[in-house]
Amino acid sequence: ALLPGIVVALLLTPDGRRCLLTPYPWLAVLAACLVFSPVVYWNWTHDWASFQMQFSSRGQEITSQRSIQLQYFFQLLGTQLAMLMPLGFVLLARFYFRMATKWRESAKAHFYFLSGIFLIVGFLLISFTSKVKVHWLLPGYLGVILGIVVVFGPSIVSGSPWFKRGAWFSAALIGLCHLLFLIPGFQIFQVNSWSGWDK
(Lines give C-alpha, C1' and ligand atoms only; values in the text may rest on other atoms or scores of the structure.)
Protein backbone atom coordinates (compact mmCIF):
# COMPACT_ATOMS: atom_id res chain seq x y z
CA ALA A 1 0.00 0.00 0.00
CA LEU A 2 3.02 2.32 0.35
CA LEU A 3 4.10 1.76 -3.27
CA PRO A 4 1.24 3.68 -4.99
CA GLY A 5 1.91 6.79 -2.91
CA ILE A 6 5.65 6.67 -3.60
CA VAL A 7 5.08 6.22 -7.36
CA VAL A 8 2.56 9.10 -7.45
CA ALA A 9 4.96 11.32 -5.49
CA LEU A 10 7.78 10.58 -7.94
CA LEU A 11 5.57 11.19 -10.98
CA LEU A 12 4.40 14.59 -9.69
CA THR A 13 7.79 16.30 -9.75
CA PRO A 14 10.42 16.70 -12.49
CA ASP A 15 13.13 15.45 -10.11
CA GLY A 16 11.00 12.42 -9.27
CA ARG A 17 10.42 11.59 -12.91
CA ARG A 18 14.14 11.88 -13.59
CA CYS A 19 14.78 9.61 -10.62
CA LEU A 20 12.62 6.92 -12.22
CA LEU A 21 15.01 6.92 -15.19
CA THR A 22 17.92 5.93 -12.94
CA PRO A 23 18.56 2.39 -11.67
CA TYR A 24 18.15 3.30 -7.98
CA PRO A 25 14.34 3.02 -7.57
CA TRP A 26 14.38 -0.26 -9.44
CA LEU A 27 17.22 -1.57 -7.29
CA ALA A 28 15.11 -0.65 -4.26
CA VAL A 29 12.19 -2.66 -5.70
CA LEU A 30 14.54 -5.61 -6.30
CA ALA A 31 15.88 -5.36 -2.72
CA ALA A 32 12.31 -5.28 -1.36
CA CYS A 33 11.42 -8.39 -3.39
CA LEU A 34 14.49 -10.21 -2.07
CA VAL A 35 13.67 -9.29 1.52
CA PHE A 36 10.05 -10.41 1.04
CA SER A 37 10.91 -13.64 -0.81
CA PRO A 38 11.11 -15.85 2.34
CA VAL A 39 7.48 -14.91 3.11
CA VAL A 40 6.44 -15.95 -0.41
CA TYR A 41 8.43 -19.19 -0.17
CA TRP A 42 6.92 -20.10 3.21
CA ASN A 43 3.40 -19.46 1.88
CA TRP A 44 4.14 -21.51 -1.25
CA THR A 45 5.13 -24.47 0.93
CA HIS A 46 2.15 -23.99 3.32
CA ASP A 47 -0.80 -23.72 0.94
CA TRP A 48 -0.60 -19.88 0.90
CA ALA A 49 -1.92 -19.81 4.48
CA SER A 50 -1.13 -16.23 5.51
CA PHE A 51 -2.03 -14.81 2.06
CA GLN A 52 -5.41 -16.53 2.22
CA MET A 53 -6.01 -15.21 5.73
CA GLN A 54 -5.00 -11.64 4.87
CA PHE A 55 -6.69 -11.33 1.49
CA SER A 56 -9.47 -13.90 1.20
CA SER A 57 -10.75 -14.17 4.79
CA ARG A 58 -10.42 -10.48 5.65
CA GLY A 59 -11.79 -9.46 2.26
CA GLN A 60 -14.91 -11.56 2.81
CA GLU A 61 -15.30 -10.09 6.30
CA ILE A 62 -15.15 -6.54 4.92
CA THR A 63 -17.48 -7.12 1.96
CA SER A 64 -20.02 -9.13 3.99
CA GLN A 65 -20.64 -6.17 6.31
CA ARG A 66 -23.35 -4.16 4.59
CA SER A 67 -23.97 -1.48 7.21
CA ILE A 68 -21.71 1.25 8.53
CA GLN A 69 -20.15 0.34 11.88
CA LEU A 70 -19.18 3.65 13.49
CA GLN A 71 -17.89 1.92 16.61
CA TYR A 72 -15.03 0.41 14.56
CA PHE A 73 -14.12 3.86 13.20
CA PHE A 74 -14.07 5.47 16.66
CA GLN A 75 -12.22 2.46 18.04
CA LEU A 76 -9.54 2.99 15.38
CA LEU A 77 -9.29 6.71 16.21
CA GLY A 78 -8.98 5.89 19.91
CA THR A 79 -6.27 3.30 19.41
CA GLN A 80 -4.33 5.60 17.06
CA LEU A 81 -4.58 8.44 19.60
CA ALA A 82 -3.25 6.09 22.26
CA MET A 83 -0.45 4.80 20.05
CA LEU A 84 0.67 8.15 18.65
CA MET A 85 0.09 9.90 21.97
CA PRO A 86 -1.76 13.25 21.92
CA LEU A 87 1.42 15.04 20.83
CA GLY A 88 1.93 12.82 17.77
CA PHE A 89 -1.77 12.92 16.94
CA VAL A 90 -1.81 16.75 16.98
CA LEU A 91 1.37 16.97 14.90
CA LEU A 92 -0.08 14.52 12.37
CA ALA A 93 -3.28 16.60 12.10
CA ARG A 94 -1.23 19.81 11.69
CA PHE A 95 0.90 18.19 9.00
CA TYR A 96 -2.15 17.04 7.00
CA PHE A 97 -3.74 20.49 7.34
CA ARG A 98 -0.50 22.12 6.15
CA MET A 99 -0.37 19.78 3.15
CA ALA A 100 -3.98 20.61 2.28
CA THR A 101 -3.52 24.39 2.52
CA LYS A 102 0.09 24.88 1.33
CA TRP A 103 0.62 22.00 -1.05
CA ARG A 104 3.40 23.64 -3.09
CA GLU A 105 5.51 24.57 -0.10
CA SER A 106 7.89 21.59 -0.06
CA ALA A 107 8.53 18.83 -2.60
CA LYS A 108 10.04 16.64 0.12
CA ALA A 109 6.92 17.03 2.23
CA HIS A 110 4.77 15.96 -0.76
CA PHE A 111 6.78 12.76 -1.03
CA TYR A 112 6.45 11.94 2.66
CA PHE A 113 2.77 12.85 2.69
CA LEU A 114 1.93 10.70 -0.34
CA SER A 115 4.06 7.76 0.82
CA GLY A 116 1.62 7.01 3.63
CA ILE A 117 -1.70 8.61 2.71
CA PHE A 118 -3.02 5.69 0.62
CA LEU A 119 -2.45 3.23 3.46
CA ILE A 120 -3.86 5.50 6.19
CA VAL A 121 -6.97 6.56 4.24
CA GLY A 122 -7.52 2.97 3.05
CA PHE A 123 -7.64 1.62 6.60
CA LEU A 124 -9.80 4.55 7.75
CA LEU A 125 -12.35 3.60 5.07
CA ILE A 126 -12.16 -0.10 6.02
CA SER A 127 -12.83 0.85 9.66
CA PHE A 128 -16.37 1.87 8.74
CA THR A 129 -17.22 -1.78 8.03
CA SER A 130 -14.61 -3.88 9.83
CA LYS A 131 -12.16 -3.86 12.73
CA VAL A 132 -8.71 -2.48 11.98
CA LYS A 133 -5.85 -3.58 14.22
CA VAL A 134 -3.94 -0.88 16.06
CA HIS A 135 -0.61 -1.50 14.28
CA TRP A 136 -1.83 -1.77 10.67
CA LEU A 137 -1.38 1.96 10.02
CA LEU A 138 2.20 2.09 11.33
CA PRO A 139 3.98 1.88 7.92
CA GLY A 140 1.94 4.88 6.76
CA TYR A 141 3.25 6.96 9.66
CA LEU A 142 6.92 6.52 8.70
CA GLY A 143 6.67 9.11 5.93
CA VAL A 144 4.38 11.33 8.01
CA ILE A 145 6.97 11.57 10.81
CA LEU A 146 9.66 12.59 8.32
CA GLY A 147 7.23 15.06 6.75
CA ILE A 148 6.55 16.66 10.14
CA VAL A 149 10.29 17.13 10.63
CA VAL A 150 10.69 18.66 7.14
CA VAL A 151 7.71 21.03 7.44
CA PHE A 152 7.96 22.13 11.07
CA GLY A 153 11.57 21.24 11.91
CA PRO A 154 13.24 22.72 14.95
CA SER A 155 10.65 25.48 15.24
CA ILE A 156 8.38 23.05 17.13
CA VAL A 157 10.99 21.70 19.53
CA SER A 158 12.80 24.93 20.40
CA GLY A 159 10.89 27.50 22.39
CA SER A 160 7.50 25.81 22.20
CA PRO A 161 5.96 25.27 25.66
CA TRP A 162 3.08 23.17 24.30
CA PHE A 163 5.56 20.77 22.69
CA LYS A 164 7.45 20.31 25.96
CA ARG A 165 4.24 19.75 27.92
CA GLY A 166 3.03 17.32 25.26
CA ALA A 167 6.32 15.42 25.34
CA TRP A 168 6.21 15.04 29.15
CA PHE A 169 2.54 14.04 29.04
CA SER A 170 3.30 11.47 26.33
CA ALA A 171 6.18 10.03 28.38
CA ALA A 172 3.85 9.67 31.38
CA LEU A 173 1.21 7.93 29.23
CA ILE A 174 3.80 5.54 27.82
CA GLY A 175 4.85 4.63 31.36
CA LEU A 176 1.22 4.08 32.35
CA CYS A 177 0.59 1.88 29.29
CA HIS A 178 3.55 -0.31 30.21
CA LEU A 179 2.09 -0.76 33.68
CA LEU A 180 -1.18 -2.00 32.13
CA PHE A 181 0.66 -5.11 30.92
CA LEU A 182 0.85 -6.17 34.57
CA ILE A 183 -2.95 -6.31 34.91
CA PRO A 184 -4.27 -9.72 33.75
CA GLY A 185 -7.23 -9.50 31.38
CA PHE A 186 -7.22 -5.69 31.20
CA GLN A 187 -9.20 -4.50 28.17
CA ILE A 188 -9.12 -1.27 26.17
CA PHE A 189 -11.60 -1.13 23.28
CA GLN A 190 -11.61 -4.96 23.35
CA VAL A 191 -8.17 -5.07 21.78
CA ASN A 192 -6.26 -6.90 24.52
CA SER A 193 -4.11 -9.46 22.73
CA TRP A 194 -1.34 -9.75 25.33
CA SER A 195 -3.08 -11.74 28.07
CA GLY A 196 -5.41 -14.66 28.52
CA TRP A 197 -3.35 -17.14 26.49
CA ASP A 198 -2.58 -20.57 27.94
CA LYS A 199 0.77 -20.78 26.08
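Conventions adopted
- Residues numbered from 1 in each chain as written.
- Predicted model: local features only at pLDDT ≥ 70, side-chain atom pairs only at ≥ 80, totals over all residues.
- Heavy atoms only, no water.
- Helix = DSSP H or I, 4+ residues; strand = E, 2+ residues; numbered from the N terminus.
- Buried < 20%, exposed > 50% of the residue type's maximum accessible area, 1.4 Å probe, protein only.
- Areas by Shrake-Rupley, 256 points an atom, 1.4 Å probe, with all protein chains shown as cover.
- Patch = residues over 30% accessible without salt bridge, like charges linked within 9 Å, V, L, I, M, F, W, Y side chains within 5 Å.
- Salt bridge = Lys/Arg side-chain N within 4 Å of Asp/Glu carboxyl O.
- Core = buried A, V, L, I, M, F, W, Y, C linked by side-chain atoms within 4.5 Å.
- Contact = heavy atoms within 4.5 Å.
- Expected span 1.5 Å × (residues − 1).
- Arc of directions from axis to C-beta.
- Axes fitted to C-alpha atoms, helices over the stretch in contact; angles between N-to-C directions.
- Left-handed = near helix turned anticlockwise from the far one by under 90°.
- Nonpolar A, V, L, I, M, F, W, Y, C, P; charged D, E, K, R; others polar.
- Parallel < 35°, antiparallel > 145°, perpendicular 65-115°, else oblique.
- Phe/Tyr/Trp six-rings, centres within 6.5 Å; stacked < 30°, edge-to-face > 60°.

Draft legend 1. The overall build of the chain, seen in detail. Scanning the chain for helices and strands turns up 9 helices and 0 strands. Counting from the amino terminus, helix and strand elements in the chain follow one another as α-α-α-α-α-α-α-α-α. Sorting the 199 residues of the chain into buried and exposed places 28% on the buried side. Looking at the chain as shown, the accessible area adds up to about 13,500 Å², and 72% of this sits on carbon and sulfur atoms.

Draft legend 2. Structural view of a nonpolar patch on the surface. Together, Phe36, Val39, Val40, Tyr41, Trp44 and Trp48 make up an exposed nonpolar region whose accessible area comes to about 610 Å². By relative accessible area, which is 31% here, Val40 ends up partly exposed.

Draft legend 3. The arrangement of the nonpolar core in detail. If you look at the biggest cluster of nonpolar residues, it comprises 25 residues, and the most contacted ones within it are Phe95, Tyr96, Phe113, Leu137 and Val144. Counting residues per element, the ones that place at least two in this core are α5 (70-101), α6 (107-126) and α7 (138-152). Sequence-distant contacts of Phe113, defined by excluding residues within four places in its chain, comprise Phe95, Tyr96, Met99 and Trp103.

Draft legend 4. Spotlight on the pattern of salt bridges. With the rule as written, the count across this model stands at 1 salt bridge. Of the charged contacts in the structure, one is a salt bridge between Asp15 and Arg18, with a shortest N-O distance of 2.2 Å. With Asp15 and Arg18 both in helix α2 (residues 14-20), this residue pair falls 3 residues apart, about one helical turn. For Asp15, a relative accessible area of 55% corresponds to the exposed category. With relative accessibility at 49%, the residue Arg18 sits in the partly exposed group.

Draft legend 5. A look at helix α9 (residues 161-180). When the terminal C-alpha atoms of α9 are compared, their 29 Å separation across 20 residues agrees well with the 28 Å that a helix rising 1.5 Å per residue should span. Here α9 has its buried residues at Phe163, Gly166, Ser170 and Leu180. For α9, the angular spread of buried residues about the axis comes to 90°, placing them on one side. Across from the buried face of α9, at angles greater than 90 degrees, the exposed residues are Arg165, Trp168, His178 and Leu179.

Draft legend 6. Looking closely at the packing of helix α1 (residues 2-12) against α6. For the pair α1 and α6, the least separation of the axes is 7 Å and the interaxial angle reads 145°. Where α1 crosses over α6, the handedness of that crossing is right-handed. Within the contact between the two elements, α1 uses Leu2, Pro4, Gly5, Ile6, Val8, Ala9, Leu10 and Leu12 and α6 uses Phe111, Leu114, Ser115, Gly116, Phe118 and Leu119. By residue class, the composition of the contact of α1 with α6 is 11 nonpolar, 3 polar and no charged.

Draft legend 7. View of the packing of α5 against α7. Here α5 crosses α7 at 55°, and the two axes come no closer than 10 Å. Considering the angle they form, α5 stands oblique to α7. Crossing angle aside, the handedness with which α5 passes α7 is left-handed. Two secondary-structure elements touch here, α5 through Gln80, Met83, Leu84, Leu91, Leu92, Arg94, Phe95, Tyr96, Arg98 and Met99 and α7 through Leu138, Tyr141, Val144, Gly147, Ile148, Val151 and Phe152. Looking at the contact of α5 with α7 residue by residue, the class counts come to 13 nonpolar, 2 polar and 2 charged.

Draft legend 8. Spatial organisation of the packing of aromatic side chains. According to the stated counting rule, one finds 8 aromatic pairs in the structure shown. Aromatic side chains Tyr96 and Phe113 sit 5.4 Å apart centroid to centroid with 80° between the ring planes, which places their arrangement in the edge-to-face category. Of this pair, Tyr96 sits in helix α5 while Phe113 sits in helix α6, placing them 17 residues apart in sequence. You'll find Tyr96 and Phe113 in the same group, each marked buried. Clustering of aromatic rings is evident, with ring pairs tying together Phe73, Phe74 and Phe128.

Bear in mind that shape data such as this cannot, by itself, settle questions of function.
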